[in-house]
Amino acid sequence: MATGNPTGDPGNVTESTPLLRNQPTPFPRTPKDGRSGGASSYDGDLLPYNNYSTIDWLHGLVKDSVRRGQVESPPRYSIRKRVVLWWDLTQGWVAAFAVGILTASVAFAVDVSVETVADWKEGYCARSIWLNRRACCSVADFDGSCSQWTPWAQGFRSAYAIYVGFALLFGLISVSLTMTTKATMPAADASNGIGQGQSQKGDKVTTGKILYMASGSGIPEIKTILSGFEIPHLLDLKVLVVKAVGAVFAVATGMCLGKEGPFVHISTCVGYLVGSLVPKYAANERKMREMLAVACSAGLSVAFGAPIGGVLFSYEEISTYFPRRVLWRSFLCSLVAAAALKELDPAGTGQLVLFETNYGVDYDVTHYVIFIFLGICGGVFGGVFCQANFAWSRSFRQLGLIKRSPVLEVALVVLLTALLQYPNRMIRDTGDIVMERLLVDCNVVTEDWICQQEARDEKGGYYAWLISGTIIKLILTTITFGCKVPSGIIIPALDAGALFGRMVGQLIPDISPGIFAMVGSAAFLAGISRVTVSLAVIMFELTGEVKFIPPFMIAILTAKWVADRICADGVYDLAQHLQGHPFLDSERALAKVRELRATGETALVEALIPPTETMEAITVFTGPNYRVAPSILRAKLEGLRARGLMDAGLVFVNNHGLCHGYITEAELADALDAVAGLDEEGDINLLDGIFSERINRSPLSVSAKAPLEYAVEMFDKLGLRYLIVVEEETARVAGVVMKKRLLKLLDE
């Protein structure tokens, strides 16, 4: 037990050494309502995002500059020095190339496996059960049939039952694999003796957050990581394997989900594993996030055969830090991934374009009205979907039985999906096959069942299939997104939009309905995700229809504007909120500050100052000689852990109340371990030895009377981990603000 704490409660440390006696507290007492002095009143120190630790982007920048200075130090013109310098400059390019190759290899295995496993729901190949229907029928019989493909049953009812049975089996396999990645993010450090993902404060016990690392698309979690927070084990090799295999069986069920989002997570895992082998990335959290941003682009590149769209998607939707060097390496990584996948050719077409079309007709100015109409419908659906999915997650998924048993929820969704989708031939297959069929041009009537239906004079039944398919897709997508299986939202949104667009296209004469299916799919996805520029590029790379870029842009912009009016947040932002992942968006944060000021509240930095008890727990008075006893520091460290201040540290204040420096909890623990043999009651000189190396002597500070926008911009643009708040006239320390305390205020 650390000394200097007679009560034995590390959360209420009382210093009793001569150094700290009679030291006046610089922190004014704050009433319970937290209004006086601008201090915030919290339930202890368990902030909403206390499970997450943050990185310091500035610290990473300085650390990398020091490393590069050592690499470039004289003698610069020796052969060995040139080789070392050259290798240091090319490591990022080599890593990006490796990430592209590995991501394409994983994508090839997943693509081939998905098509094979999905076809097992209806039959098998007599030549080899491991062949999918496309490969099995690559050599057709003389009459054009495929005798090698053997259905499980001939009758509708028996085939229906087998289809449902296989779908349930695949769903249970996928969710069972996902359950193996269950992890708990502890609410406090296990070293305080509580452990098991629980922290204790007074009589309260808080259980750590439970996450299934391989579930969902992974994009919300990656956005959180790239914004500077940590989610342990999310990018481990085990998660990569489970995500890939689980996605195969999840997509094969026929559920309204896709593998495109999981591909982004998989490519990021690959980027993390490759980056961990490169010292300059492994030892620097800032540099590692550069590699992760590069890797993200490869995920969308292999998902859609869209290398340029993959780079833009990483920049627009996922990354918060995207300097020019990351752009160049992302370009290489995405290019290599797309080229490698084209050579591997999982679809057997030899084409990079996934849904290549060639309508051979052009649109005229009157069709712009239809494109705008599709954009409006896509925006309405996107806004309603975001609200409905959010409400579904907050209601049905919070039921005791469903919350305790994710397997039951997946089984129910799979059963409902199989029962509703099998009777409709348009939506029976997996999402990418559905999308491919809906974009068909029907130059030949026998080209597809859809073409045969559109060639008939009586289309009432065909309209019924289109309308029912659209409604079923919309409902199933709403209840499916968020299930505990690897799943993405991109393909289901494209399917729903293509169904609706194809239905609208039946009413437009002298032009292919597939054009409106293509534009409608872009509109619906834009309404859900609010992605704009990268989506337009992905769509023309996806279809090869460059001349339809203006219709894509019109529909996408219209859909975004309409959806924003219905629901301000896109699906990925809402998923972050539902899962409790922290994320600081400066534009939205500034909008919230303006709303706060409009209500008459004082929007100053002093609103972020922690409670007095917290400041007393994290402050160390150093006196005139900048010396302190190790026992004091150990007691303070225990106090941080016991109070749940996972991401905090200690601020050193001299006898004038001025900030002498700041040290994080992890660095404090390392420094104390290094001086473990010293007299606990003796004094340590903070200006010498290991503490002088670990303490940040010049932390950034801001006046307590500064506008709150200052803090928002400093945390966002500079990537700060903490900010020292000082009094306006004396420059004495008034508080220490963590990024999570700013997020807490904005959430309120």
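Preceding this paragraph is the structure being described.
Residues numbered from 1 in each chain as written. Predicted model: local features only at pLDDT ≥ 70, side-chain atom pairs only at ≥ 80, totals over all residues. Heavy atoms only, no water.

K.L.:
Honestly, the overall build of the protein chain in this entry has me stumped. Any pointers?
P.N.:
Within the protein chain, the secondary structure is distributed over 29 helices and 14 strands. A burial count over the protein chain gives 55% of its 748 residues as buried. Counted over contacts in the protein chain with a minimum sequence separation of 6, partners at least 24 positions apart contribute 75%. Counting every atom, the protein chain has about 31,300 Å² of accessible surface; 59% of that belongs to carbon and sulfur. (Helix = DSSP H or I, 4+ residues; strand = E, 2+ residues; numbered from the N terminus. Buried < 20%, exposed > 50% of the residue type's maximum accessible area, 1.4 Å probe, protein only. Contact = heavy atoms within 4.5 Å. Areas by Shrake-Rupley, 256 points an atom, 1.4 Å probe, with all protein chains shown as cover.)

K.L.:
What am I meant to see in the pattern of salt bridges here?
P.N.:
Oppositely charged side chains can pair when the atoms bearing their charge come close. For the coordinates displayed, the defined rule picks out 25 salt bridges. Two residues, R437 and D448, come together in a salt bridge whose shortest N-O distance is 3.1 Å. You can see R437 sitting in helix α15 (residues 431-438) and its partner D448 sitting in the loop between α15 and α16 (449-454), a full 11 residues away along the chain. The class of D448 is buried, set by a relative accessible area of 15%. With a closest N to O distance of 2.9 Å, R502 and E454 form a salt bridge. Of this pair, R502 sits in helix α18 (residues 490-505) while E454 sits in helix α16, and the two are 48 residues apart along the sequence. Overall, E454 belongs to the buried group, its relative accessible area being 13%. (Salt bridge = Lys/Arg side-chain N within 4 Å of Asp/Glu carboxyl O.)

K.L.:
Quick question: what am I supposed to make of unusual backbone geometry here?
P.N.:
What you tend to see is this: most non-glycine residues have negative phi, and most peptide bonds are trans. Look at H233: it is not a glycine, yet its phi comes out positive at around 70°. Positionally, H233 belongs in the loop between α5 (219-226) and α6 (237-252). Phi at A731 takes a positive value of approximately 65°, unusual for a residue other than glycine. Tracing the chain through its elements places A731 in the loop between β13 (722-726) and β14 (733-738).

K.L.:
Got a minute to help me understand empty space enclosed by the protein in this structure?
P.N.:
In this approach the atoms are scanned with a rolling probe the size of a water molecule, which exposes any empty space left behind. Evaluated as defined, the whole model comprises 6 cavities of 30 Å³ or more. What the second largest cavity holds in volume is close to 80 Å³. Together, L300, F304, F313, I490, L525, S529, V531, S534, L535, I538 and Y572 line the second largest cavity. For the lining of the second largest cavity, the secondary-structure elements that each account for two or more residues are α9 (285-304), α19 (513-529) and α20 (533-543). (1 Å grid on protein atoms, 1.4 Å probe; cavity = no way out; pocket = protein on both sides within 12 Å on 5 of 7 lines; lining within 4 Å. Points joined across faces, edges and corners; volume = space filled by probe spheres on them.)

K.L.:
Would you take a moment to explain a nonpolar patch on the surface for this structure?
P.N.:
Taken together, the side chains of I372, I376, V380 and V384 present a nonpolar region at the surface, about 290 Å² in accessible area. Its location among the elements puts V380 in helix α12 (residues 367-395). (Patch = residues over 30% accessible without salt bridge, like charges linked within 9 Å, V, L, I, M, F, W, Y side chains within 5 Å.)

K.L.:
Looking at this structure, I do not really get α19. What am I missing?
P.N.:
The periodicity of an α-helix, 3.6 residues per turn, causes residues three or four places apart in sequence to face the same way. In this model α19 runs 25 Å from its N-terminal to its C-terminal C-alpha over 17 residues, within 8% of the 24 Å that 1.5 Å per residue would give. R530 occupies a position one or two residues after α19 and carries a positive phi of about 65°. (Expected span 1.5 Å × (residues − 1).)

K.L.:
Before we go on, may I ask you to explain the state of the cysteines in this structure?
P.N.:
As used here, a disulfide is simply a covalent bond connecting the sulfur atoms of two cysteines. Tallied over the entire structure, the rule returns 3 disulfides. Sulfur-sulfur distance for the disulfide between C125 and C136 comes to 2.1 Å. Disulfide C125-C136: torsion about the S-S bond near 80°, hence right-handed. Of the two residues, C125 is situated in strand β1 (residues 123-125) and C136 in helix α3 (residues 133-136); the sequence distance between them amounts to 11 residues. Accessibility assignment for this pair places C125 and C136 in one class, buried. A sulfur-sulfur distance of 2.1 Å marks the disulfide that ties C442 to C451. (Disulfide = S-S within 2.5 Å.)

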